[in-house]
Amino acid sequence: MSFPRGLCAVSRSARRGFDGCRRLLSSDHGSPALMQTRFAGAPRTTVLGCKDIYSWCLPSSYSIGHQIHHQTVVEEQLDPFSLVADELSILANRLRSMVIAEVPKLASAAEYFFKLGVEGKRFRPTVLLLMASALHVPLPEPTDGSLGDAVSSELRTRQQCIAEITEMIHVASLLHDDVLDDADTRRGIGSLNFVMGNKLAVLAGDFLLSRACVALASLKNTEVVSLLATVVEHLVTGETMQMTTSSDQHCSMEYYMKKTYYKTASLISNSCKSIAILAGQTTEVTVLAYEYGRNLGLAFQLIDDVLDFTGTSASLGKGSLSDIRHGIVTAPILFAMEEFPQLRTVVDRGFDDSANVDLALEYLGRSRGIQRARELAKKHAELAATAIDSLPESDDEDVRKSRRALIDLTHIVITRNK
Ligand code: GRG
């Protein structure tokens, strides 16, 4: 199964015309790809030019061709991040004002990761703002002047609020995670627990979570409140699953995928779904928004787990090796174990001894573990792209551009090297 580069820009009707697309949407959070997309006999696309402007280290050949009625039209590559850049900076300012606290120590702790330059990749708000545009249904021309615009802008503000809440929940979970892991760095600077101590880091996480709750309540939508409250439960469940594994669970791919959904994919998938709910979309569309987020989140984490071994290069041992050193068994090792069952004994011994880490790396190097983890990420990226491609058609240029950007993101996620 191949994931044709640049397919994102191929118009949906053209794509349907030549692909043998089979969709089997799954309700099983953890299962690997249940959907297959086969692009048989696709006409060759000649790409004449492109632009590489991503901050996530895209391969230099990354490009897009646009296929309309057997004609190839070159399309300028748009950076998904720059598409929402203005809105992201408004969002960043609003977030800074939302986390102001009464007590100075708490204020400086809570704003720590919202300060200019330490905002992270802003992956989640970018996805959510693009999803909001991708699901935009242009209202009929208002007969009385600006009423239609006011409705649209009110909805956009509510959807931005979802992006803000999501980012606050995300940062709160990072603060707590760093305390649990006793981490000393995060986003290239000292982690908050390292700089201000565990107690303040935990309290700052609680504070962000409470501000997220207040913002969530202001939306007055019980379905969305319930979804995002469940996300917090999932974060805690995933974290607990990771720290309390039996030997069998340690070595189970199913357990790993379930934990990955809880720890990483639940937040982005349920936030995408919330964006669709606020837009008053049909159940079918909200499910597609959810599926996009779920599969993108799973692909994102699978690549994160590969990068932990390889870092920016393709060679083993070039990553931070933080997971294995913390005794966390991820997809590459699980796949390696399928090829070399004797690796299980190494895993069972734990990784306190660095000689054991080296032995596991040796098995991993001899196996197809890294490759298979990448392939699984690619499958999930394809599923995410198919979810966007399955949305009801739209003639609106901004809607189409945002959908293309969401599909481009699926490619960025699996080709990133940091
Ligand atoms: C207080 C909400 C709350 C939960 C507490 C500790 C815990 C329960 C949950 C931890 C969940 C966790 C840290 C999941 C990891 C998610 C993840 C992949 C983080 C890295 O995301 P990036 O790379 O980070 O997008 P940046 O720094 O770019 O934002």
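Keep in mind that this is a model prediction, so the values were computed, not measured.

(A) Geometry of the overall build of the protein. Counting its regular elements, the protein contains 18 helices and six strands. Evaluated residue by residue, the protein yields a buried proportion of 52% over its 418 residues. Sequence separation of 24 or more characterises 74% of the internal contacts of the protein that already satisfy a separation of 6 or more.

(B) Expanded view of the packing of aromatic side chains. Going through the model one piece at a time under the given rule, you end up with four aromatic pairs. Judged by centre distance (5.0 Å) and plane angle (75°), the rings of Y112 and F113 are edge-to-face. We note that Y112, like F113, is buried. Taking the centre distance of 4.6 Å and the plane angle of 20° together, the rings of F123 and F300 count as stacked. Of this pair, F123 sits in helix α5 (residues 123-134) while F300 sits in helix α12 (residues 283-310), and the two are 177 residues apart along the sequence. Here F123 matches F300 in class, with each residue buried. The residue whose ring lies beneath K273 is Y290, and the NZ or CZ to ring-centre distance is 5.8 Å.

(C) Structural view of the site of the ligand. Around the ligand there are 19 residues in total, and K121, R124, H170, R187 and Q301 lie nearest to it. Side-chain polar atom of K121 to an oxygen atom of the ligand: 2.5 Å apart, as the coordinates give it. A distance of 2.6 Å separates an oxygen atom of the ligand from a polar side-chain atom of R187. Protein contacts shield 91% of the accessible area of the ligand, which totals 760 Å² for the unbound molecule. At the level of secondary structure, the elements contributing two or more residues to the shell around the ligand comprise α6 (147-181), α9 (222-243), α11 (253-278) and α12.

(D) Representation of the side chain of D323. If you trace the backbone, D323 turns up in helix α13 (residues 322-325). Despite its burial, D323 pairs with no opposite charge; the closest candidate is K259, at 7.3 Å N-O.

(E) Looking closely at the pattern of salt bridges. Per the counting criterion, the structure on display carries 14 salt bridges. D177 is the partner of R186 in a salt bridge, and the nearest nitrogen-oxygen pair spans 3.8 Å. A salt bridge links D304 to R416; the shortest N-O distance between them is 2.8 Å. Linking D304 in helix α12 with R416 in the segment after α18 (397-415), this pair joins segments that are 112 residues apart in sequence. With a relative accessible area of 30%, D304 lands in the partly exposed category.

(F) View of the packing of helix α17 (residues 369-389) against α18. Where α17 contacts α18, the two axes come as close as 9 Å, and the packing angle between them is 175°. The angle between α17 and α18 falls in the class roughly antiparallel. Packed against α17, whose contacting residues are R374, A377, K378, A381, A384, A385 and I388, the element α18 presents R403, L406, I407, T410 and I414 at the interface.

(G) Structural context of the nonpolar core. Counting residues in each nonpolar core, the largest one holds 116 residues, and the members touching the most others are Y292 and I333. Look past the residues within four positions of Y292 in its chain and what remains in contact with it is V127, M131, C272, A384, A387, I388, L406, L409 and T410.

(H) Quick look at the packing of α12 against α18. Two numbers describe how α12 lies on α18: the axes approach to 8 Å, and their chain directions differ by 20°. The angle between α12 and α18 falls in the class roughly parallel. Seen along the crossing, α12 lies across α18 with a hand that is left-handed. Across from Y292, L296, A299, F300 and I303 in α12, the residues of α18 making contact are L406, L409, T410, V413 and I414. Tallied by class, residues from the contact of α12 with α18 come to nine nonpolar, one polar and no charged.

Reading the values: rules and limits
Residues numbered from 1 in each chain as written. Predicted model: local features only at pLDDT ≥ 70, side-chain atom pairs only at ≥ 80, totals over all residues. Heavy atoms only, no water. Helix = DSSP H or I, 4+ residues; strand = E, 2+ residues; numbered from the N terminus. Buried < 20%, exposed > 50% of the residue type's maximum accessible area, 1.4 Å probe, protein only. Contact = heavy atoms within 4.5 Å. Phe/Tyr/Trp six-rings, centres within 6.5 Å; stacked < 30°, edge-to-face > 60°. Lys NZ or Arg CZ within 6 Å of the ring centre and 35° of its normal. Near = heavy atom within 4 Å. Polar contact = N/O pair within 3.5 Å; in protein donor to acceptor, adjacent residues only side chain to side chain. Areas by Shrake-Rupley, 256 points an atom, 1.4 Å probe, with all protein chains shown as cover. Lys, Arg positive; Asp, Glu negative; His and termini not counted. Salt bridge = Lys/Arg side-chain N within 4 Å of Asp/Glu carboxyl O. Axes fitted to C-alpha atoms, helices over the stretch in contact; angles between N-to-C directions. Parallel < 35°, antiparallel > 145°, perpendicular 65-115°, else oblique. Core = buried A, V, L, I, M, F, W, Y, C linked by side-chain atoms within 4.5 Å. Left-handed = near helix turned anticlockwise from the far one by under 90°. Nonpolar A, V, L, I, M, F, W, Y, C, P; charged D, E, K, R; others polar.

Just distances and angles here, no functional claims.
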